[in-house]
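One-letter residues, chain by chain:
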Amino acid sequence: MSKISIISGKSSEDLAKRLSKKLKANLVKSEVRVFPDGESKITLRGNLSKRKSVVVQSIYPPVDTNLVQALSLISKAKETSSEVIAVIPYMGYARQDREFLPGEIITMKVLAKLFKGVGASKIIAVDIHSVIGLKHFTIKSKNVTAIPDLVKYFKKLSLKNPLVVSPDQGGKNRAKEFAKKFESEYIVLEKKRDKKTGKVKIKTKNSDKVTNRDLILVDDMISTGESIIKATQFLKKQKCKKVYVACTHALLMNGAEKKIRKAGVTSIVSTNTIPGKTSVVDVSNTIAKAIM
Ligand code: R5P
């Protein structure tokens, strides 16, 4: 029996398989039946290490179902393994990390209690929306970044005088880090999101930096695509060349991919924290290093 078991949650099967190979760990698959009322019945297939289990389960839609499955797998693993690490490549609810408007519930605080309660001793996330989310955890936590993996991919493309762009101030450090590794300049747009309706506006005035250049819009995630669409429309008006998108988590809700392409984006490049058509960058190496 290997010293580590990798428990593959339904939402992260491919990533779990890659991790088990990299760590030479035994892969324990989970079988899930979701009943018509939405309840999940989960069965583990295989024996667990007494020492360490790693549960791999991203929390993308259906968010609450995938969350309960993650918690259930951790709880089950804890019955056998003395240490259980939760690898949550895409951390759903991470945007609910503070009280923006009075009365709002900080759901990340609730998640922190739940993960600890079921027996996780450490949580690992990839490019969590903001590290503030992890501050609510009283167990060990680690955020790893997929930026070097994304940069590696972009270095292989022949872009014309590329410029890295953050669609908002919140993504400034991300864009800065990307640009440093990519050895290019970067700019930051000013985005305003209505806290009640969620509608997005780009407030930046003209920017001559982008004219005639290929751009890489760098973001942690794409949900509805509104941020990327509004940024692309603005940048296209400034007569840029091609617009590429580099993001860690591509949720692409409600036909976002089609809408983003229609806005003029040449290509969306994302990682396999969320499996999908655009998820061409593998982050298993980065996660494996954080587990060891
Ligand atoms: C916001 O601060 C995030 O970094 C993303 O830009 C945002 O969550 C993406 O959401 P959407 O695609 O719905 O605009």
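Residues numbered from 1 in each chain as written. Predicted model: local features only at pLDDT ≥ 70, side-chain atom pairs only at ≥ 80, totals over all residues. Heavy atoms only, no water.

Student: Can you walk me through the site of the ligand in this structure?
Tutor: Taken together, 14 residues sit near the ligand, with Asp219, Asp220, Thr224, Gly225 and Ser227 positioned nearest. Measuring from an oxygen atom of the ligand, one finds a side-chain N or O atom of Arg95 at 2.8 Å. One of the side-chain N or O atoms of Arg193 is found 3.0 Å from an oxygen atom in the ligand. Coverage of the ligand by the protein chains reaches 91% of its 380 Å² of free accessible surface. Put simply, the parts of the chain that give the shell around the ligand at least two residues each are strand 10 (191-193), strand 12 (215-222) and helix 7 (226-237). Class assignment of the residues belonging to the shell around the ligand gives a composition of two nonpolar, five polar and seven charged. (Near = heavy atom within 4 Å. Polar contact = N/O pair within 3.5 Å; in protein donor to acceptor, adjacent residues only side chain to side chain. Areas by Shrake-Rupley, 256 points an atom, 1.4 Å probe, with all protein chains shown as cover. Helix = DSSP H or I, 4+ residues; strand = E, 2+ residues; numbered from the N terminus. Nonpolar A, V, L, I, M, F, W, Y, C, P; charged D, E, K, R; others polar.)

Student: I would appreciate a short explanation of the domain arrangement of the protein in the present structure.
Tutor: You'll often see interface size given as the accessible area lost when the parts meet. One can read the domain layout of the protein as domain 1 (4-145 + 282-291) and domain 2 (147-272). On the side of domain 2, 16 residues touch domain 1, which itself brings 17 residues to the contact. Here domain 1 packs against domain 2, burying approximately 1400 Å² in sum over the two surfaces, 56% of which is carbon and sulfur. The largest contributions to the domain 1 side of the interface with domain 2 come from Tyr90, Asp127 and Thr145, which together make up 35% of the buried area. Summed over the shared surface of domain 1 and domain 2, the number is zero salt bridges. Among the elements that line the side of domain 1 that touches domain 2, the one with the most residues is helix 1 (residues 13-22), at three residues. The residue inventory of the side of domain 1 that touches domain 2, partitioned by class, reads nine nonpolar, three polar and five charged. (Domains from an automatic or database assignment. Contact = heavy atoms within 4.5 Å. Buried area = accessible area lost by both parts, 1.4 Å probe. Salt bridge = Lys/Arg side-chain N within 4 Å of Asp/Glu carboxyl O.)

Student: So what exactly am I meant to see when it comes to the sheet that holds strand 6 (residues 122-126) here?
Tutor: Across a sheet, strands are paired by hydrogen bonds formed along the backbone, either parallel or antiparallel in direction. Taken together, the seven strands give an open sheet; going across it, the order is 3-2-1-4-5-6-7, and neighbouring strands pair in mixed fashion. Strand pairing shows two members of the sheet lacking a second neighbour, strand 3 (40-45) and strand 7 (140-144), which therefore form its edges. Looking at each pair of strands side by side, their axes are set apart by 20° on average, direction ignored. Here strand 2 (residues 26-34) pairs with strand 3 via six bridges, running antiparallel. (Pairing = 2+ DSSP bridges. Axes fitted to C-alpha atoms, helices over the stretch in contact; angles between N-to-C directions.)

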